[in-house]
Amino acid sequence: MKFTIYGSGCAKCKQLTANAEDAAKAKGLEYDIEKVTDTNAIIDAGIMRTPALAIDDEIVTEGKVIPADEIQQLLA
């Protein structure tokens, strides 16, 4: 499983990263995390608001930090 975090590396981006890690650990999943901070790469991915989260290259949220339990539901 691959999580991609899109954003500048701000506190919200870091929190979204931590929430994704917590969700994967709670489910007992192996995962990789990629952080995309390049503005052009974020735009090319179609992200309009950061932070954003993609799971296995599918964007699941943008513009907010969702809690770990919501991310777990997306992993089900």
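Just so it is clear, the structure is predicted and the values come from calculations on it, not from any experiment.

Rules of the game
Counting restarts for each chain: residues are numbered from 1 in the order of the written sequence. Local features are withheld for residues below a pLDDT of 70 in this predicted model, meaning they are given only at 70 or higher, and side-chain atom pairs are given and counted only at 80 or more; totals for whole chains, interfaces and linings count all residues. With hydrogens and water excluded, all non-hydrogen atoms of the structure serve as input to the side-chain values. Helix numbering and strand numbering both begin at the N terminus, where a helix is a DSSP run of H or I of at least 4 residues and a strand a DSSP run of E of at least 2. Our radius of gyration looks at C-alpha atoms and nothing else; its globule reference is 2.2 Å times the residue count to the power 0.38. Residue burial is assigned from relative accessible area. The probe radius is 1.4 Å, only protein chains are included, and a residue is buried under 20% of its type maximum, exposed over 50%, and partly exposed in between. Only heavy atoms matter for contacts: two residues are in contact if any of them lie within 4.5 Å across the pair. Accessibility throughout is a Shrake-Rupley quantity obtained with a 1.4 Å probe, and a residue counts as covered only by protein chains that appear here. Under the convention used here, Asp and Glu are negative, Lys and Arg are positive, and both His and the chain ends fall outside the count. Taken as the charge location is NZ of Lys, CZ of Arg, CG of Asp or CD of Glu. A pair of strands counts as paired when DSSP detects no fewer than two bridges linking them. Look down the strands so they point away from you; if going from the first strand over the helix to the second traces a clockwise path, that crossover is right-handed. Axes here mean lines fitted to C-alpha atoms, for a helix over just the part in contact, with angles spanning 0 to 180 degrees between N-to-C directions. Oblique is the label for every angle not falling under 35 degrees (roughly parallel), over 145 degrees (roughly antiparallel), or within 65 to 115 degrees (roughly perpendicular). When the near helix sits turned anticlockwise from the far one by under a right angle, the crossing is termed left-handed; a clockwise turn instead gives a right-handed crossing. Here the term charged refers only to Asp, Glu, Lys and Arg, the term nonpolar to Ala, Val, Leu, Ile, Met, Phe, Trp, Tyr, Cys and Pro, and the term polar to all other amino acids, Gly among them.

## Points about the overall build of the protein chain
Part 1: Each helix and strand counted, the protein chain has three helices and four strands in total.
Part 2: When the helices and strands of the protein chain are placed in sequence order, the string is β-α-β-α-β-β-α.
Part 3: Expected size for 76 residues packed as a compact globule is a radius of gyration near 11 Å; at 11 Å, the protein chain falls within 12% of this value.
Part 4: Counting only C-alpha atoms and orienting by the principal axes, one finds that the protein chain spans roughly 35 × 20 × 15 Å.
Part 5: Burial analysis of the protein chain (76 residues in total) assigns 33% to the buried set.
Part 6: If you take every contact in the protein chain between residues at least 6 apart in sequence, the share linking residues at least 24 apart comes to 66%.
Part 7: As displayed, the protein chain has an accessible area near 4500 Å², and 44% of this comes from carbon and sulfur atoms.
Part 8: Here the protein chain contributes 8 positive and 13 negative side-chain charges, whose respective centroids are spaced 7 Å apart.

## Some words on the pairing of strand E2 (residues 32-36)
Part 1: As judged from the five bridges shared by strand E1 (residues 2-6) and E2, these two strands associate in the parallel manner. Note that in E2 the partner of Tyr6 across the bridge is Val36.
Part 2: One crossover worth recording links E1 to the parallel E2 by way of helix H1 (residues 11-27), and it is right-handed.

## Brief notes about the packing of H1 against helix H3 (residues 68-75)
Part 1: Orientation of H1 relative to H3, taken along the N-to-C sense of each, is 55 degrees, at an axis distance of 8 Å. As the angle between them shows, H1 and H3 are arranged oblique. The way H1 lies across H3 gives a crossing that is right-handed. Counted together, Leu16, Asn19, Ala20, Asp22, Ala23, Ala24, Ala26 and Lys27 of H1 and Ala68, Ile71, Gln72 and Leu75 of H3 form the full contact between these two elements.
Part 2: Of the residues contributing to the contact of H1 with H3, the split by class is eight nonpolar, two polar and two charged.

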